[in-house]
Amino acid sequence: MKQFLFASVALVLAIAPLSVGAQVGIHPQPDGTSWTLQAGTMSYRIGVNEQGMLQTLYWGQRLGATIVLPAAKSKPERASFDPPTATTPLEYPAWGAGLFTEPALKVGSPNGDRTLVLHFQAAKIQEGVLEITLRDEVQPIFVHLFYQPYPEGVLARWSVIENHGDKPYRVEQAASATWNLPQGEGYEASWLTGQWGAEWQLHTAPVQPGTLMIESRRGSTSHQANPWFAIGRTGETTETAGPVWFGELAWSGSWRMSVEDTALHQVRVTAGYNPFDFAYLLQPGQHLETPRFFAGYTAKGQGEASRILHRFQLAEILPSHPQIKPRPVIYNSWEATEFAVNEPGQIALAERAAKLGVERFVIDDGWFGERNTDHAGLGDWTVNPAKFPHGLKPMIDRVHALGMSFGIWVEPEMVNPDSQLYRKHPEWAMQFPDRKATLGRNQMLLNLAREDVKEYTFTWLDKLVSENDIAFLKWDYNRNWSEPGWDTAPAQANGTQNPDAQKAIYVQYVQNLYEILARLKARHPKLEIESCSGGGGRVDLGILRYTDEVWPSDNTDGLDRLSIQYGFTHAYSPQTMAAWVTDVPNFLDRRSIPLQFRFLSAMQGALGIGGNLNKWTAEDMSTATRMVDFYKQVRPTVQQGELYRLRSPVGRETSQVEYLSADGSEGVLFAYLRSQQYGMAYEPVRLQGLAPEAIYQVLSLDSAKYKGPEHVSGAELMESGIQLGLSGDYDGTAIRLVRVGAKE
Ligand code: DGJ
């Protein structure tokens, strides 16, 4: 993790305004009591009020250079029950002085005081970041708030809590930030929840007095909910129009996000470390840094909110940013062979995959240790000699000779009790003394918070990648935490163990995970990594700084995937969204969907194939080759273009998505029909985002399904739409658009 150096705090520091191009800016008012942050089309303004409290003044559409907003002022006591601390829209509310709403910070002091009252101390602007320092009026607790605007229209916020005293303090709750929306009623919130095999379910509901709380207590991001939110105005906000305040927390451990509508209708979003079972002891001189909480605003609806996030992820977050590499078409053997992997079987699949135009071959679980089922072997990361008698090299050489790169599955944070590693180091597993460990998929977690476990994990991964020509790791994580003990957690300065010290596991584990990933990437700059957790259990902007793609779900059913991907793209870019075409009937729903539909579904992100190619007929192979070829033509547009969700698949018979390249020269439309009813013709699909006066060449994947003219204007495509001949069940097609000139 980045370490911050803190200059000694002066009362007011010299402030140089930042203005990089017109896109981002940090503008202090001359009196040094308020700041306006410009990020793309968004402005954000904060100020210090007459009581020294830092409060939100504005969050919304970008404002002009001359800002005439009222100065910061605390709310008057409305009644004895509503003190100013509870009603003023504070930027980082600490529990104290009568705060009855969700705190961003709660700290216990050695003298028994459990409150804080934070006052403004200083501000500085450095390397594009505004840092505001607050301190408690009594205790030597300093809080540094950081604001970093990005040109894509996103503002990052995070905090660092420091102990300047000579006794230990206990952080009991620490959020990254609180975001205050314009005061008032009539908001509606969208959020994402799910479960294994059914992640990314989108919900939208009115924001009501009270609190909507989404969280993970599972030690990782979770399938259960994702740390993303979008808030619009009821009746005003749609997919294509209206205000949206949105954001996502970059943390891969337990987290909590609350959307709170206070008694006085101040809507606030607070997110950070999950306070459940949380404590972090700050020894004298120590600090705790909270994760980045990114947020933005658009006046152009949910679709544009997603596109801002997608652009931001490509430009600022993903490991190869801003030069994003295309995701290769991969083959993965998991659904074809499960644990029954061996050299001849994998080579046979690789030979078939190469014929389809696959660019990367990935061996999944089962290649190491005594890993013949999910009961044994995790932790023993040496090649199984019965399955690969000559090691991985002959396999990798053959894959390379076939023109593909090679990838391999790992699950570095886990151990089976039935493994050499566990027999040698039972103390490395995460557990409480004397308590029976709860197993999940017959496995336990390794306590990555421990230095020795961290070093061991990095060392074997580094060796694996150094000794073999591995381009890609599929990094899996197949259970959640149950006994988060850390009995060797660092003791206090006086040598005594405080049981609360163990709770630092919630922070240290994830920081060590990030460190291992960062070190691996630094040692092997070409190595690409996928974050998988039994599907989409660990997808967030924290892990995406180190992983090039994610596995959104173990559910590979081509129909379910449309809804899963619909939800996913609200928060994350199609570039990161891996999807495979697998065999039918699907292992989960027993549904049989035609191969073309399965391909069209998987083409919405990073295409992969996961079926048993030995069983594919000549016709299947020919369809697949045609599909892979088409995908490669539209891949840059899909992965790095602008996504328009034209029609949601959720609960619908028809759906469509459209992508446009950033320069507008190319587009692609994917259209799906689940089941035709009453012989009704497929409704014309009206495209979005095209240049009305431009002429587009319409290149159809299936000539039988598009019989319209070859050249059509943007205006016609958007207003009268495109007619497609889809019929029956599970029909689908794709149209590629190439801009060829302006209308005469
Ligand atoms: C869960 C993953 O999501 C699957 O794709 C597969 O890799 C299995 N684990 C292997 O155990």
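Predicted model, so just to flag it, every value in this text is computed and none were measured.

Caption draft 1: Region of the structure containing the overall build of the protein chain. When helices and strands are tallied, the protein chain shows 12 helices and 37 strands. Relative to a compact globule of 744 residues, whose C-alpha radius of gyration would be 27 Å, the protein chain shows 27 Å and is just as compact. Dimensions of the protein chain along its principal axes, counting C-alpha atoms only, are 75 × 75 × 45 Å. Here the protein chain holds 744 residues, and 62% of them are scored as buried.

Caption draft 2: Empty space enclosed by the protein, seen in detail. All chains considered together, the criterion is met by 11 cavities of 30 Å³ or more. Roughly 100 Å³ of volume is contained in the largest cavity. Lining the largest cavity we find 14 residues, and of these Leu562, Tyr566, Gln604, Pro649 and Val657 sit closest to its centre. Counting only elements with at least two residues in the lining of the largest cavity, the list comes to α9 (558-571), β32 (642-647) and β33 (654-660). Residues that form the lining of the largest cavity fall into these classes: 7 nonpolar, 5 polar and 2 charged.

Caption draft 3: Representation of helix α4 (residues 343-355) within the structure. Here α4 spans 19 Å end to end across 13 residues, near enough to the 18 Å set by a 1.5 Å rise per residue. Sitting at the head of α4, Asn342 places a side-chain oxygen 2.7 Å from the backbone nitrogen of Gly345.

Caption draft 4: Representation of the site of the ligand. Neighbouring the ligand are 14 residues, the closest being Asp364, Asp365, Lys474, Asp476 and Asp554. Here an oxygen atom of the ligand and a side-chain polar atom of Asp364 are 2.7 Å apart. At 2.9 Å, a side-chain N or O of Arg441 approaches an oxygen atom of the ligand. Considering only residue class, the shell around the ligand consists of 5 nonpolar, 3 polar and 6 charged.

Caption draft 5: How the structure looks around the sheet that holds strand β35 (residues 694-700). A sheet is described by the order of its strands in space; here 6 strands give the open sequence β32-β33-β34-β37-β35-β36, paired in antiparallel fashion. Each edge of the sheet is formed by a strand with only one pairing partner; in this case those strands are β32 and β36 (711-713). Sheet twist, expressed as the average angle between the axes of neighbouring strands with direction ignored, equals 25 degrees. Judged from the 9 bridges that link them, strand β34 (residues 666-675) and strand β37 (residues 729-742) form a sheet pairing that is antiparallel. Residue pairing for β37: Val668 is matched across the bridge by Arg736. Across the sheet, helix α11 (residues 618-640) touches β32, β33, β34 and β37, and the angle it forms with β34 is around 100 degrees.

Caption draft 6: Structural view of α11. Taking 1.5 Å as the rise per residue, α11 with 23 residues should run 33 Å; its terminal C-alpha atoms sit 33 Å apart, in good agreement. Along α11, the sharpest change in direction is near 60 degrees and occurs at Val634; proline Pro636 comes one to four residues later. Looking at α11, one finds that the buried residues are Met621, Thr623, Ala624, Met627, Val628, Phe630, Tyr631, Val634, Arg635, Thr637, Val638 and Gln639.

Caption draft 7: Structural detail: the nonpolar core. Core analysis: the largest hydrophobic core is formed by 193 residues, its most contacted members being Leu105, Ile132, Leu473, Phe599 and Phe670. With 10 residues, the single largest contributor to this core is helix α8 (residues 505-523). Leave out the neighbours within four places in its chain, and Phe599 touches Val581, Leu607, Ile609, Trp616, Ala624, Met627 and Val628.

Caption draft 8: Molecular detail of the pattern of salt bridges. Taken as a whole and assessed by the stated rule, the structure comprises 42 salt bridges. Note that Arg591 is salt-bridged to Asp560, the shortest N-O span being 3.5 Å. Of this pair, Arg591 sits in the loop between β30 (578-581) and α10 (595-602) while Asp560 sits in helix α9, and the two are 31 residues apart along the sequence. Overall, the relative accessible area of 22% leaves Asp560 in the partly exposed class. Each of the salt bridges in this network shares a partner with another, and the network as a whole consists of Lys106, Arg170, Glu172, Asp277, Asp500 and Lys503.

Caption draft 9: Spotlight on the pairing of β34. Counting buried residues in β34 gives 8 out of 10 residues, a clear majority hidden from the surface. From the end of β33 to the start of β34, which pair antiparallel, there are 5 residues, and Gly664 there has a positive phi angle of about 75 degrees.

Reading guide: rules and limits
- Residues numbered from 1 in each chain as written.
- Predicted model: local features only at pLDDT ≥ 70, side-chain atom pairs only at ≥ 80, totals over all residues.
- Heavy atoms only, no water.
- Helix = DSSP H or I, 4+ residues; strand = E, 2+ residues; numbered from the N terminus.
- Rg over C-alpha atoms; globule rule 2.2 N^0.38 Å.
- Buried < 20%, exposed > 50% of the residue type's maximum accessible area, 1.4 Å probe, protein only.
- 1 Å grid on protein atoms, 1.4 Å probe; cavity = no way out; pocket = protein on both sides within 12 Å on 5 of 7 lines; lining within 4 Å.
- Points joined across faces, edges and corners; volume = space filled by probe spheres on them.
- Nonpolar A, V, L, I, M, F, W, Y, C, P; charged D, E, K, R; others polar.
- Expected span 1.5 Å × (residues − 1).
- Polar contact = N/O pair within 3.5 Å; in protein donor to acceptor, adjacent residues only side chain to side chain.
- Near = heavy atom within 4 Å.
- Pairing = 2+ DSSP bridges.
- Axes fitted to C-alpha atoms, helices over the stretch in contact; angles between N-to-C directions.
- Contact = heavy atoms within 4.5 Å.
- Bend = angle between axes of the 7 residues up to and from the residue.
- Core = buried A, V, L, I, M, F, W, Y, C linked by side-chain atoms within 4.5 Å.
- Salt bridge = Lys/Arg side-chain N within 4 Å of Asp/Glu carboxyl O.

Just distances and angles here, no functional claims.
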